[in-house]
Amino acid sequence: MEQFDLVIIGGGPAGLTAAIYAARYWLRTAVIAEQPGGLVGEAGKIGNFPTHKEINGPQFAMSMIEQVRALGIEITNDKAGSIEKSGKGFVVRTENSGEFPAKKIVLAIGTKRRKLGLPNEQRLAGKGVCYCATCDAPLYKGKVAGVVGGGNAALNAALLVAEYAKKVFVFYRSPEFGRADPLLAKLVMENKKIEVLFNSNVKQIAGEDSLQKVFLDNGKEVELQGLFVEIGYEPDAGIAKAIGVETTPEGYIKVDRHQHTNVKGVFAAGDITESGLRQVIIAAAQGALAANGAFEEIKKGE
Amino acid sequence: MAEFESDVTEADFEETVVKQSANLPVVADFWAAWCTPCQILKPAMEKLAKEFKGKFVLAKINVEENPGLSERFKISGIPSVKMFKGGKVVAEFTGAMPEPAVRQWLEKNIK
């Protein structure tokens, strides 16, 4: 395959903003995205992004995708399996869509949802165990559901699920909501459909064809049909480490303020970087900087 | 293209999915407008239906407009894709997979 100026790995706000900028710099660009739109596509309502008083995560994600496609950049929906150095550039190998030779790389690989790590979790995924509240909340109309977690994502999920379910339990390991926005915590505590069980961990999930019950570490059992897992995200920068990209002890990619990694020609942007604030607007800004950095290097013939 | 795929509702589900699956595999894609992974998967399924040229028929089912079908098939996570043969579900997956992975799933299960 002909060499691209820029190959962007990741299709969330960081990767797609990098693509938009790259298109305007006339860089020959490819985007490889395991989940086009990224995790923001699973977000509920976004109310802190300029231009929209309020926009749904799915709408936001789709409009980014459409904007990139309209600029003539193809988004290959596949997983990048590996990156190798090749001459002055790189080769990105995908699992099923072949190789993408590139002068420069932007790693916008984001983070992955943390799972409970319990037996039966995988078997019951999609059969009651849910990882996308915006996708699946409306399917629990009139049913009983649980949410695991106590951060903003968990509380947003609880409020969303409560719009449909007749009863929502929140299972949270701590004695209070210390990490979530106070406004969200207040809305959750005041919602009559929501019952918060502090100091509780789900230790077992049970069900044959579909989820039926969870067992808590305090001995309680709760019968429910849905369980929304919202216990945060974790980085997986393995693909970057293989070419010598440095990460923090927690696994986030180290970047300078122009989004350069320690490897020449490799940039990183968005949630995978050691950013202070994991938000759409930050990811988008970093994506723009990364594309600009790649453009500057290419212009100089580096 | 239309012959390889259609929007299916509760009214024509028996005919288009159950009965037709006696002759060739029918792949039902349960989706909703509010679900981004569904919006990614649906065009990929449409493209694959065209590419497979009638080796399977794609039945797109909007869960919001067809709650009876969601209830009947216990849809509790979307996108939910089920392959019917002989009137029965023989393979399924939930959540969007990249297009190449869906192609492999189809190749494996159509046989």
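Before reading further, recall that the structure is shown in the block above.
## So, the nonpolar core
Item 1. Ile-194 of chain A together with Phe-13, Phe-30 and Ile-78 of chain B are the most contacted members of the largest nonpolar core, which totals 48 residues.
Item 2. Take this core: its biggest share by element is eight residues, from helix H4 (residues 152–162) of chain A.
Item 3. Dropping the residues within four chain positions of it, Ile-194 of chain A is found in contact with Ala-158, Leu-159, Ala-162, Val-168, Val-170 and Val-188 of chain A.
Item 4. Core analysis: the next-biggest nonpolar cluster, separate from the first, contains 35 residues, Ala-18, Ala-19, Ile-46 and Ala-61 of chain A among them.

## Focus on the packing of aromatic side chains
Item 1. Taken as a whole and judged by the stated rule, the model has 13 aromatic pairs over all chains.
Item 2. Ring geometry for Tyr-172 of chain A against Phe-177 of chain A: centres 5.6 Å apart, planes inclined by 25°, an arrangement best described as stacked.
Item 3. The exposure class of Tyr-172 of chain A is buried, given its relative accessible area of 5%.
Item 4. Phe-177 of chain A gets classed as buried once you look at its relative accessible area, which sits at 12%.
Item 5. Arranged with centres 5.3 Å apart and planes meeting at 55°, the rings of Phe-13 of chain B and Phe-73 of chain B form a pair that is tilted. With a gap of 60 residues between them, Phe-13 of chain B in helix H1 (residues 13–19) and Phe-73 of chain B in the loop between helix H3 (67–72) and strand E4 (80–85) connect regions that are remote in the sequence. Here Phe-13 of chain B matches Phe-73 of chain B in class, with each residue buried.

## Digging into the interface of chain B and chain A
Item 1. Facing 20 residues of chain B, the contacting portion of chain A comprises 23 residues.
Item 2. Between chain B and chain A, roughly 1700 Å² of surface is buried when both sides are summed, and carbon and sulfur atoms account for 60% of that area.
Item 3. Of all residues in chain B, Trp-34, Thr-36 and Ser-76 of chain B give up the largest surface area on contact with chain A, accounting jointly for 34% of the area buried on that side.
Item 4. At the junction of chain B with chain A, the criterion picks out one salt bridge.

## So, the layout of surface pockets
Item 1. By volume, the second largest pocket amounts to about 450 Å³.
Item 2. Leu-139, Tyr-140 and Lys-143 of chain A together with Glu-71 and Ile-75 of chain B are the residues nearest the centre of the second largest pocket, which is lined by 19 residues in total.

Parameters and conventions
- Residues numbered from 1 in each chain as written.
- Chains lettered and ligands numbered in written order.
- Predicted model: local features only at pLDDT ≥ 70, side-chain atom pairs only at ≥ 80, totals over all residues.
- Heavy atoms only, no water.
- Core = buried A, V, L, I, M, F, W, Y, C linked by side-chain atoms within 4.5 Å.
- Buried < 20%, exposed > 50% of the residue type's maximum accessible area, 1.4 Å probe, protein only.
- Helix = DSSP H or I, 4+ residues; strand = E, 2+ residues; numbered from the N terminus.
- Contact = heavy atoms within 4.5 Å.
- Phe/Tyr/Trp six-rings, centres within 6.5 Å; stacked < 30°, edge-to-face > 60°.
- Buried area = accessible area lost by both parts, 1.4 Å probe.
- Salt bridge = Lys/Arg side-chain N within 4 Å of Asp/Glu carboxyl O.
- 1 Å grid on protein atoms, 1.4 Å probe; cavity = no way out; pocket = protein on both sides within 12 Å on 5 of 7 lines; lining within 4 Å.
- Points joined across faces, edges and corners; volume = space filled by probe spheres on them.

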